[in-house]
Amino acid sequence: MRFLLRPGWMAAVVAVLAFVVLCYTLLAPWQFGREAEREAQNQAIATADATPAVPFAELVPAGTAISEDDVWRRVTLTGTFEPGAETLVRLRVVDGAPAYEVLTPLRLTDGRLVVVNRGSVGADQGDAVPEYAPAPSGQVSVEGRLRLNETDPQDRAPLTEGDTTQIYAADSRAVADATGATPVEGVVALEEGQAGVLNPIPIAPPGGGAPFSNFSYALQWLTFGVVALVAMGLFIRLELLQRRGSRSRAGSLRDQLSGRDGYGTDTSTDTSATDAPGSTGREPGGSGKQDSLTS
């Protein structure tokens, strides 16, 4: 198997082994982790659904931010919306169509400012901001779910278009940068039927997808690793068989040229004795019987 030391074969073997290691140490574990995260989020949503709403200050005391442990919990807030600090989240997709999400800060009775996601509105005319209902004036009491800040991977700056301020993630920090407000870190997504709600944000784990989809993806990566090893083994076997066949054909040709294979040798029986003149062709010991019959 010295052919495996050739550069082409060495590169192929290294590439296959690297792919297998990648499947088993990174890609499959990553998908298993995503599945575990999805299951934890589903459990958190189920727990939150079974737990009555509590005042916002009970889960988020003054001077603190929304905690990951409290995500999806339902809270009640009482205060006044501040439309002057309203911000739109652009480039969203709802039911397969482009949309905006409307973030309107709510000034609580304890003086803190909380960014409230009032829901989405469809962008029916491309990039044009659609008309949507304004936040109600005066003091309101609403119910929503605690959410962590999102993060814009590209860290894009806020965009001012007409009389609207737009950002790229539902992020209270981005609202602060765009408007100069100082809200609590985190967002509260309004529930359906609340004052000022538009099209409520769906309650689903980040990333979406069907249950066990990440688990199946992980199994696929494990299978790909096995297939890669089997395929490499088959290619090596085929190469060995081809090389053995080539040597066998070369040896056969040399035997034919040298006459060692017996090709062209006269193998007929020597008939000189029976074909000699005067031979009767009688078997030994049979002449007496023949003579008695003819006499």
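Residues numbered from 1 in each chain as written. Predicted model: local features only at pLDDT ≥ 70, side-chain atom pairs only at ≥ 80, totals over all residues. Heavy atoms only, no water.

Enquirer: Where do I start with the overall build of the chain in this structure?
Expert: For the chain, the helix and strand inventory stands at five helices and nine strands. Across the chain, helices and strands are ordered from the amino to the carboxyl terminus as α-β-α-β-β-β-β-β-β-β-α-β-α-α. Within the span of the chain, comprising 295 residues, buried residues form 33% of the whole. Counting only contacts in the chain whose residues sit at least 6 apart along the sequence, the fraction spanning at least 24 positions is 69%. Total accessible area on the chain stands at roughly 18,200 Å², and carbon and sulfur atoms take up 56% of it. (Helix = DSSP H or I, 4+ residues; strand = E, 2+ residues; numbered from the N terminus. Buried < 20%, exposed > 50% of the residue type's maximum accessible area, 1.4 Å probe, protein only. Contact = heavy atoms within 4.5 Å. Areas by Shrake-Rupley, 256 points an atom, 1.4 Å probe, with all protein chains shown as cover.)

Enquirer: What is the right way to read the pairing of strand β2 (residues 74-81) from this model?
Expert: Both faces of the sheet carry side chains from a regular strand, because those side chains alternate between them. Where strand β1 (residues 54-55) and β2 come together, two bridges link them in parallel fashion. Among the inter-strand pairings, Val 54 is bridged to a residue of β2, identified as Val 75. Summarising the sheet, β2 and strand β6 (residues 139-147) pair through seven bridges and their orientation is antiparallel. Following the sheet pairing, Gly 79 is matched in β6 by Val 140. As defined by bridge partners, β2 adjoins strand β4 (residues 97-108) across three bridges and the pair is classed as antiparallel. (Pairing = 2+ DSSP bridges.)

Enquirer: Please clarify how the packing of aromatic side chains should be interpreted in this entry.
Expert: Ring pairs (aromatic) are described by centroid distance and by the angle formed between their planes. Scanning the entire structure with this criterion turns up one aromatic pair. Taking the centre distance of 5.5 Å and the plane angle of 85° together, the rings of Trp 221 and Phe 224 count as edge-to-face. One end of the pair is Trp 221 and the other is Phe 224, both in helix α4 (residues 213-258) and three residues apart, which spans about a single turn. The exposure class assigned to Phe 224 is partly exposed, which follows from its relative accessible area of 39%. (Phe/Tyr/Trp six-rings, centres within 6.5 Å; stacked < 30°, edge-to-face > 60°.)

Enquirer: What am I meant to see in the pairing of strand β5 (residues 113-122) here?
Expert: Counted residue by residue, β5 has nine buried out of 10 residues, so it is predominantly covered. With nine bridges connecting them, β4 and β5 associate as antiparallel partners. In the sheet register, Leu 106 faces β5, and the bridge partner there is Val 114. Here β4 folds back onto β5, and the loop between the two strands holds four residues, one of which, Gly 111, carries a positive phi near 95°. For β5 and strand β9 (residues 187-190), the ladder comprises three bridges, and the chain directions are parallel. For Val 115, the partnering residue across the bridge sits in β9 and is Val 187.

Enquirer: Where do I start with unusual backbone geometry in this structure?
Expert: With the exception of glycine, the majority of residues adopt a negative phi angle, and the majority of peptide bonds are in the trans configuration. Here Trp 72, not a glycine, exhibits a phi torsion of approximately 80°, which is positive. Residue position: Trp 72 is located in the loop between α2 (56-59) and β2. Here the phi dihedral of Asp 155 falls at roughly 50°; this positive angle occurs in a residue that is not glycine. Position of Asp 155 among the secondary structure elements: in the loop between β6 and β7 (159-161). With relative accessibility at 66%, the residue Asp 155 sits in the exposed group.

Enquirer: Just checking my understanding: could you explain the pattern of salt bridges for this structure?
Expert: Side chains that differ in charge, positive against negative, can pair when their charged atoms come close. Within this structure, the stated rule accounts for 10 salt bridges. The salt bridge involving Glu 150 is made with Arg 92; its shortest N-O contact spans 2.8 Å. Placement of the pair is Glu 150 in the loop between β6 and β7 and Arg 92 in strand β3 (residues 87-94), with a sequence separation of 58 residues. With relative accessibility at 29%, the residue Glu 150 sits in the partly exposed group. The shortest N-O distance in the salt bridge between Arg 145 and Glu 191 comes to 3.3 Å. You can see Arg 145 sitting in strand β6 and its partner Glu 191 sitting in the loop between β9 and α4, a full 46 residues away along the chain. Relative accessible area serves as the criterion here: at 15%, Glu 191 is assigned to the buried category. Through salt bridges with shared partners, one network takes in Asp 49, Arg 145 and Glu 191. (Salt bridge = Lys/Arg side-chain N within 4 Å of Asp/Glu carboxyl O.)

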